[in-house]
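Residue strings, one per chain:
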Amino acid sequence: MDEKVGKFWDHYVTKKASRLFKAEEVTFADIAKGLKLFYHLLGGEKAKELHITDKRSIQTSRTLTERFSGTGKTFFLAWQDEKGIYLPASLAYFPAKTHNKMHYYWLIAMLANITVNRQNISSENIRVSDLLIKKYPGFREFYTYSQRYLREYYPELSTIEPSLEASSVDNYPNPLWIYPPLASSNKLLSSDDEEEVHRQRDEENKTEILKMKKKSEQIDDKKETDGLLLFLPESIMSLMEQVRVDRQENDSFDEDALYNAEDLEEITLGQKDANLSARIKMDLDISANSVEEYPLGKGHFIDEWDYKKELYLKNYVCIKSIISLHTEPIELPKRLQKMMRRIQSELDLMELNRIKRDNLPYGDEINIESWIDYKGHQNRSNHPQRFFQTYERKMRDMSTLILADVSLSTEAGITQEIRVIDMIQDALMVFSESLHRLRDRFAIYTFSSIKNTKVNFHIIKNFKENYSDTIRGRIHAIKPGYYTRMGAGIRESAKILDKQQSANKLLLILSDGKPNDVDRYDGRYGIEDTKKAIEEVKKKGITPFCITIDIDAKEYLPYLFGRNSYAVIRDAKKLPKVLPEIYMNLTK
Amino acid sequence: MSKTYYLPQGNEVELFKAAAGMNLPVLIKGPTGCGKTRFVEAMGEELGRDVYTVVCHDDLSAADLVGRHLIDENGTYWQDGPLTKAVRHGGICYLDEIIEARKDTTVVLHSLADYRRVLPIDRTGEVITAHPDFMLVVSYNPGYQNVLKGMKPSTKQRFISLTFNYPKAEIETEVIVKESGVDQKIAQKLVAIAGEIRQLSDSDIQEAVSTRLLIYAGKLIAHGFDPYQACIHSIVESLSDEEDVLAVLEKLISLHFIKSIHV
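Residues numbered from 1 in each chain as written. Chains lettered and ligands numbered in written order. Predicted model: local features only at pLDDT ≥ 70, side-chain atom pairs only at ≥ 80, totals over all residues. Heavy atoms only, no water.

A. Representation of the overall build of chain B. A tally of helices and strands in chain B yields twelve helices and nine strands. Within chain B, buried positions represent 53% of all 263 residues. Sequence-distant contacts, at least 24 apart, represent 71% of the contacts inside chain B between residues at least 6 apart. Within the structure as shown, chain B displays about 12000 Å² of accessible surface, and the carbon and sulfur contribution to it stands at 51%. (Helix = DSSP H or I, 4+ residues; strand = E, 2+ residues; numbered from the N terminus. Buried < 20%, exposed > 50% of the residue type's maximum accessible area, 1.4 Å probe, protein only. Contact = heavy atoms within 4.5 Å. Areas by Shrake-Rupley, 256 points an atom, 1.4 Å probe, with all protein chains shown as cover.)

B. Just the overall build of chain A, in detail. Within chain A, the secondary structure is distributed over 16 helices and 23 strands. For chain A, the residues scored as buried account for 49% of the 588 residues in total. A fraction of 73% describes how many contacts in chain A between residues 6 or more apart in sequence connect residues 24 or more apart. Accessible area of chain A: about 30700 Å², with a carbon and sulfur share of 51%.

C. Region of interest: the side chain of A:Glu304. All names here are of chain A. Within the fold, Glu304 resides in strand S13 (residues 300-306). Taking relative accessible area as the criterion, Glu304 reaches 1% and is therefore assigned buried. Within polar-contact distance, the side chain of Glu304 engages the side chain of Tyr525 at 2.9 Å. Here Glu304 is in contact with Leu311, Tyr312, Leu313, Tyr316, Val317, Arg485, Arg491, Tyr521, Tyr525 and Asp529, once residues within four sequence places are set aside. (Polar contact = N/O pair within 3.5 Å; in protein donor to acceptor, adjacent residues only side chain to side chain.)

D. Local environment of the sheet that holds strand S5 (residues 91-96) of chain B. Residue and element names in this part refer to chain B. Pairing is parallel across the open sheet formed by five strands, whose spatial order is S2-S5-S8-S1-S9. The open sheet has two free edges, formed respectively by strand S2 (51-55) and strand S9 (160-163), since each of these has just one partner strand. Averaged over all neighbouring strand pairs, the angle between strand axes comes to 20°, with direction disregarded. The sheet contact formed by strand S1 (residues 26-29) and S9 spans four bridges and is parallel. By the bridge assignment, Ile28 is partnered in S9 with Leu162. (Pairing = 2+ DSSP bridges. Axes fitted to C-alpha atoms, helices over the stretch in contact; angles between N-to-C directions.)

E. How the structure looks around the interface of chain A and chain B. Facing the 37 residues of chain A at the interface are 31 residues of chain B. Each partner contributes to the roughly 3400 Å² buried at the junction of chain A and chain B, and carbon and sulfur atoms together form 57% of this total. When the buried area of chain A at its contact with chain B is split by residue, A:Leu37, A:Leu41 and A:Arg563 rank highest and sum to 22% of it. On inspection of chain A and its partner chain B, the count reaches two salt bridges. Of the charged contacts in the structure, one is a salt bridge between B:Glu196 and A:Lys135, with a shortest N-O distance of 3.3 Å. Counting across the interface, chain A meets chain B through six residue pairs in polar contact (both at pLDDT 80 or more). At the level of elements, helix H2 (28-41), helix H4 (97-113), helix H6 (137-153), helix H10 (368-376), strand S21 (504-511), helix H15 (557-561) and helix H16 (575-587) of chain A are the ones that each hand at least two residues to the side of chain A that touches chain B. If you tally residues by element for the side of chain A that touches chain B, the top one is H2(A), at six residues. Looking at the side of chain A that touches chain B residue by residue, the class counts come to 15 nonpolar, eleven polar and eleven charged. (Buried area = accessible area lost by both parts, 1.4 Å probe. Salt bridge = Lys/Arg side-chain N within 4 Å of Asp/Glu carboxyl O. Nonpolar A, V, L, I, M, F, W, Y, C, P; charged D, E, K, R; others polar.)

F. The packing of aromatic side chains, seen in detail. Residue and element names in this part refer to chain A. A full pass over the atoms with the stated rule returns 23 aromatic pairs over all chains. Between the aromatic rings of Trp305 and Tyr312, the centroid separation amounts to 5.0 Å while the plane-to-plane angle is 70°, which identifies the pairing as edge-to-face. For the pair Phe442 and Tyr467, a centre-to-centre distance of 6.2 Å together with 55° between the ring planes defines the contact as tilted. Pair noted here: Phe442 is in strand S19 (residues 441-450) and Tyr467 is in the loop between strand S20 (454-461) and helix H12 (469-476), with a separation of 25 residues, a long-range link. The exposure class of Tyr467 is buried, given its relative accessible area of 9%. An aromatic cluster of three or more residues is present, and its members are Phe21, Phe94, Trp106, Tyr136, Phe139, Phe142, Tyr143, Tyr145, Tyr149 and Tyr153. (Phe/Tyr/Trp six-rings, centres within 6.5 Å; stacked < 30°, edge-to-face > 60°.)

G. Representation of the confidence of the model for chain A within the structure. Residues and elements named next belong to chain A. Taken over all residues, the pLDDT of chain A has a mean of 75, while the share at 70 or more is 69%. For chain A, the element scoring lowest by mean pLDDT is helix H8 (residues 275-285), at 40; helix H13 (residues 486-498) scores highest, at 93. Scored below 50 in pLDDT, residues 184-210 shows 57 contacts in the model against residues more than four places distant or in partner chains. Residue range residues 270-289 is modelled with pLDDT below 50. Its contacts to residues more than four positions away, or to other chains, number 27 contacts. (pLDDT = per-residue confidence, 0-100.)

H. Spotlight on the environment of B:Ser203. Position of B:Ser203 relative to the elements: it lies in the loop between helix H9 (184-197) and helix H10 (211-222). By relative accessible area, B:Ser203 is classed as buried at 5%. Excluding anything up to four places from it in sequence, B:Ser203 contacts A:Lys46, A:Pro558, A:Tyr559 and A:Arg563.

I. Representation of the nonpolar core within the structure. One finds A:Phe38, A:Leu87, A:Trp106, A:Phe139, B:Leu190 and B:Ile197 to be the most contacted residues of the largest nonpolar core, which totals 80 residues. For this core, the leading source of residues is H4(A), giving ten residues. Ignoring anything within four residues of it in the chain, the contact list for A:Phe38 reads A:Tyr105, A:Ile108, A:Ala109, A:Phe139, B:Val248, B:Lys251, B:Leu252 and B:Leu255. With 43 residues, the next largest nonpolar core counts A:Met339, A:Leu506, A:Leu510 and A:Leu579 among its residues. (Core = buried A, V, L, I, M, F, W, Y, C linked by side-chain atoms within 4.5 Å.)

J. Local environment of unusual backbone geometry. The phi angle at A:Tyr482 is positive, at roughly 60°, despite the residue not being glycine. One can find A:Tyr482 in the loop between H12 and H13. In the Ramachandran plot, B:Asn23 falls in the positive-phi region, its phi being about 60° despite a non-glycine side chain. Given the relative accessible area of 30%, B:Asn23 is considered partly exposed.

K. Representation of the packing of H9(B) against helix H12 (residues 243-256) of chain B. All names here are of chain B. Axis separation between H9 and H12 bottoms out at 11 Å; the angle between their running directions is 150°. Considering their axes alone, H9 and H12 lie roughly antiparallel with respect to each other. In the crossing of H9 with H12, the sense of the turn from one axis to the other is right-handed. Contact with H9, carried on its side by Lys189, Ala192, Ile193, Glu196 and Ile197, involves Leu249, Leu252, Ile253 and His256 of H12 and no other residues of that element. Of the residues that constitute the contact of H9 with H12, the class distribution is six nonpolar, one polar and two charged. (Parallel < 35°, antiparallel > 145°, perpendicular 65-115°, else oblique. Left-handed = near helix turned anticlockwise from the far one by under 90°.)

L. Spotlight on the packing of helix H8 (residues 169-180) of chain B against H9(B). All names here are of chain B. Relative to each other, H8 and H9 sit at 125°, their axes nearing to 9 Å. Taken together, the axes of H8 and H9 are oblique relative to one another. The handedness of the crossing between H8 and H9 is right-handed. The residues of H9 that touch H8, namely those facing Ala169, Glu172, Thr173, Ile176 and Val177, are Gln184, Ala187, Gln188, Leu190 and Val191.

Take a look at the structure:
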């Protein structure tokens, strides 16, 4: 009962203190896609992602009701860092939906133009606002209205004047302004930390992730204690602010922690590694089975693109070519034979797509034109008298290299029995079969990586080998492992394709997710390097095409490959069927 | 007839003239609506040569270029194609979007595009040596490439290549003012809009807004159309069919040109 009353009171008083127009609220989720496009339109960096920000606390004077209700301490503010831009989950400052929506667009326009830190916050925001209202009459209208409105409705905002040099984050925050990055003063676990070997993949096997940027603080929890509780458990009245949201491990996904984390103002990160990473490491070290992976030479080095420094890190990545020995040759599995029969009928249709050959002494049909030529010829005896035409199979002159990502994430299950890797294997078999029947030249490689020191480049079939039971055996023996240093895989493949003599070269990348590795090759760094690698591929006259089974992938794929150079397959089970279809469409 | 208006962006005019003087064939690459065709037409006028334009497509056969026998009441007779006409009498033969043509068709260009400058016509048994004023110009849009539709390297390597892009802001503004009749301020706005939309090209929309579309928008505005409406119909609607993209482009236009209430 007490709880109920408390809840009711809290609800009432919060509502009373809130000056927002909840009925006219516009949420980020509703217009996120448009906002992203708008950000690109205004020249925002395409590799940055849009996220929802968390509240941040700001010391400011509060009204009596605000103090009463405990509100007015924290605010949703817009800001950005290297990796992304962060916006409030909803906006409702104005009494009309159109203005609240416009507010989002305004913030995006500001973000696309501003670099703000704790010192220049006021001057920068004013400078960029001026710039925007000068350039866009539409924004001028909104800005004049919102300035007037906010000042009237939020008297606290009158402290932010262009003349006041002292304006800082600690004033009542202006909802039209952009603020410095959330964690700039805190020591965060740096993602550039190359020593951080044990960290696990961030998104692996998660059903849900906390899509919110949280203020964080690190504590030293490495010290072992004997487990003695130094306080009375019953004295804990509310949720402790030290909920363990484990950034280091993700195998055991604690949904409660996620739920609680959303409510927290600040998250404290521990530095202690979970035991799990040690276990995983052991798993990786165990040799899989009797199939022997045989390295070809010591490996060689290739460059990688560092987007921050805007230069190539020369000979930075070590590529190790590997071939599996002692694989058992197998026939096309029975489960795929039916599908192959269906695909074959489509392949037959492709063969109908033939070219006409004219002026033959014999052939399928009479060519009326050459008959007229003959009739019209002055000196008929000299005429070659070739009146026939025939249709010949088109010379395709194609070389296709299939590069499959076999990182550990492909181990993930689609259903209880089927894993992503199973589908990749099936797809490779069906696809090879199709290409073989089309008589197109092709090669298959797979890749996985552990930092820049080791990118395994696995040869399944090179361009010279014939497609056979042995190749199928090698496909069957593919084992997932490690991470996805995609740029390196692409560069290595491009090198191989470049040596082929065909007029048409296609690089088909088969992946289940974003580029990522344990070192800094994660998030934006990985994406920018992969993009660079793709550009290099295109410069060589090779057409890249990516097929991905990552549902969230759409976000970054157009940026990586360009609009018409990728396909997202939502249902991984369809991969074996879809892959040959995509290929046929690409090369028709 | 008034002279075709073309504002040079770099050294392309000098290069084209030099190529014409030395009998070298020219390849022009560039996105849709950036002024490739206009450039060739202007050059034709400048050099005093006729321009024979052929828009290439899938079914374009060698006979469409070279010529064919036709029948009339007197029997059959030979009709020159545009290429043969240019070769025989001099002039610029301009093959637009050459990538769209079948590869076996473009092979007829080989002997014309190198030092030999001859066009053999199998059907009549003729071998025509090109007129001194004959010039071969081809163009294509690299953005369109399909895996099997690249240009044959052996064809590509016979041309002097020029890459066109959308003109610089000042030049584009001038072109729009001249071509559509709007004032400088509106033209600058249109160029600013185009500059922003071009940031989306490749990743979010297939192809960015061309100078041609900007001129269309300018013409509508000069004709008395509301600028917002003019931009929606000439720029936004032509660029995409996707609702999200359309909505954002519309937003952008509304920020530049305020929607008038009575429309």
